[in-house]
Amino acid sequence: MSSANKNLSSYNEESLPSAEKLKFGIVVSDWNEEITHALYEGCYDTLIKHGVQVENIHTVQVPGTFELPQGARILNKNRNVDATICIGCVIKGETSHNEYINMSVAQGLQNMAIASSKPFIFGVLTPNTMEQAKDRAGGKYGNKGVEAAVTALRMAGLSEQLEGENTSIGFGK
């Protein structure tokens, strides 16, 4: 669903698992910092709101969105978090650089998630203009940082919920 039809900050709070014992990493790009820092605030505040302890939130900053996967890998390796949220913003501009960066970051995070069985959340805005970015970083469409935090909470909770269960997929146990 396009964000024109949905506030990104709307979600069912009752659907979220307890996060009191979970640890989260947040990797924030310094490029387009007006946007990324607003996304970070929405993300951080949402984690706190849902019971994550301040000492269980580990934040690092990287120069740009392209560096998010490497920053996430380093953070996960050194802090052993339950989920890592990557926050960035790549505005289209006059060239197609955004396509290369966005695809590389998405693939890098997906590869790490599959290899590690831990969530690496793509909290990267991919707007055409700065105005669109502002609309999604606390503006009229809410804050995508909130959405990234909710996704991390749900995915980390899923891992914790299923750990140790016999979870057969298909017909039979």
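Residues numbered from 1 in each chain as written. Predicted model: local features only at pLDDT ≥ 70, side-chain atom pairs only at ≥ 80, totals over all residues. Heavy atoms only, no water.

The chain is annotated in an unreviewed UniProt entry as 6,7-dimethyl-8-ribityllumazine synthase from Aureispira anguillae. Under the UniProt heading Sequence similarities (unreviewed entry), the note attached to the chain is "Belongs to the DMRL synthase family." Listed in UniProt under the heading Catalytic activity (unreviewed entry), the comment for the chain reads: "(2S)-2-hydroxy-3-oxobutyl phosphate + 5-amino-6-(D-ribitylamino)uracil = 6,7-dimethyl-8-(1-D-ribityl)lumazine + phosphate + 2 H2O + H(+)". (UniProt positions renumbered as here; feature names shortened; annotations may be inferred.)

Asker: Sorry if this is basic, but what is going on with the sheet that holds strand β2 (residues 57–62) here?
Answerer: What holds strands together in a sheet is hydrogen bonding between their backbones, with the strands either parallel or antiparallel. One open sheet accounts for four strands, arranged β2-β1-β3-β4; its pairing is parallel. Unpaired on one side and paired on the other, β2 and β4 (120–125) mark the two borders of the sheet. Taking each pair of neighbouring strands and ignoring which way they run, the sheet shows an average axis angle of 15°. With five bridges joining them, strand β1 (residues 24–29) and strand β3 (residues 83–89) adopt parallel strand pairing. Following the sheet pairing, Ile-26 is matched in β3 by Ile-85. (Pairing = 2+ DSSP bridges. Helix = DSSP H or I, 4+ residues; strand = E, 2+ residues; numbered from the N terminus. Axes fitted to C-alpha atoms, helices over the stretch in contact; angles between N-to-C directions.)

Asker: Would you explain helix α3 (residues 97–116) in this entry?
Answerer: Compared with an ideal rise of 1.5 Å per residue, which puts 20 residues at 28 Å, α3 spans 29 Å between its outermost C-alpha atoms and is within 8% of the ideal. Burial in α3 covers these residues: Asn-98, Asn-102, Val-105, Gly-108, Leu-109, Met-112 and Ala-113. Within α3, the buried residues cover an arc of 135° as seen down the axis, which keeps them to one side. Across from the buried face of α3, at angles greater than 90 degrees, the exposed residues are Glu-99, Tyr-100, Asn-111, Ile-114 and Ala-115. Those residues of α3 that are buried are in contact with α2 (68–79), β3 and β4. (Expected span 1.5 Å × (residues − 1). Buried < 20%, exposed > 50% of the residue type's maximum accessible area, 1.4 Å probe, protein only. Arc of directions from axis to C-beta. Contact = heavy atoms within 4.5 Å.)

Asker: Help me understand the UniProt feature "active site" (unreviewed entry) in the chain, please; the structure alone is not making it clear to me.
Answerer: Under the feature "active site" (unreviewed entry), the UniProt entry names His-97. With respect to the element layout, His-97 can be found in helix α3. Residue contacts for His-97: discarding those within four places in its chain leaves Val-90, Ile-91 and Lys-92.

Asker: Can you walk me through the UniProt feature "binding site: (2S)-2-hydroxy-3-oxobutyl phosphate" (unreviewed entry) in the chain in this structure?
Answerer: This chain's UniProt record puts "binding site: (2S)-2-hydroxy-3-oxobutyl phosphate" (unreviewed entry) on Glu-94, Thr-95 and Arg-136. With respect to the element layout, Thr-95 can be found in the loop between β3 and α3. Here Arg-136 is to be found in helix α4 (residues 130–136). In this structure the side chain of Arg-136 is engaged in a polar contact, spanning 2.9 Å, whose partner is the backbone oxygen of Gln-132. (Polar contact = N/O pair within 3.5 Å; in protein donor to acceptor, adjacent residues only side chain to side chain.)

Asker: Before we go on, may I ask you to explain the packing of helix α1 (residues 33–49) against helix α5 (residues 144–162) in this structure?
Answerer: For any two helices packed against each other, the geometry comes down to the angle between their axes and how far apart the axes lie. Contact geometry for α1 and α5: axes closest at 7 Å, N-to-C directions at 40°. Overall, the two elements α1 and α5 adopt an arrangement that is oblique. Handedness of the crossing formed by α1 with α5: right-handed. Residue-level inspection shows Leu-39, Gly-42, Cys-43, Thr-46 and Leu-47 of α1 in contact with α5, the latter providing Lys-144, Gly-145, Val-146, Ala-149, Val-150 and Leu-153. Residue composition of the contact of α1 with α5, grouped by class: seven nonpolar, three polar and one charged. (Parallel < 35°, antiparallel > 145°, perpendicular 65-115°, else oblique. Left-handed = near helix turned anticlockwise from the far one by under 90°. Nonpolar A, V, L, I, M, F, W, Y, C, P; charged D, E, K, R; others polar.)

Asker: What exactly am I supposed to notice about a nonpolar patch on the surface here?
Answerer: A cluster of nonpolar side chains, Met-155, Leu-158 and Leu-162, forms an exposed patch at the surface whose accessible area comes to about 220 Å². Locating Leu-158 in the fold gives a position in helix α5. (Patch = residues over 30% accessible without salt bridge, like charges linked within 9 Å, V, L, I, M, F, W, Y side chains within 5 Å. Areas by Shrake-Rupley, 256 points an atom, 1.4 Å probe, with all protein chains shown as cover. Salt bridge = Lys/Arg side-chain N within 4 Å of Asp/Glu carboxyl O.)

Asker: Which parts of the structure should I look at to understand the pairing of β4?
Answerer: One face of the sheet, then the other: side chains in a regular strand alternate in exactly this way. The buried fraction of β4 is high, at five of six residues. Handedness of the β3-α3-β4 crossover: right-handed. (Right-handed = clockwise from strand over helix to strand, strands pointing away.)

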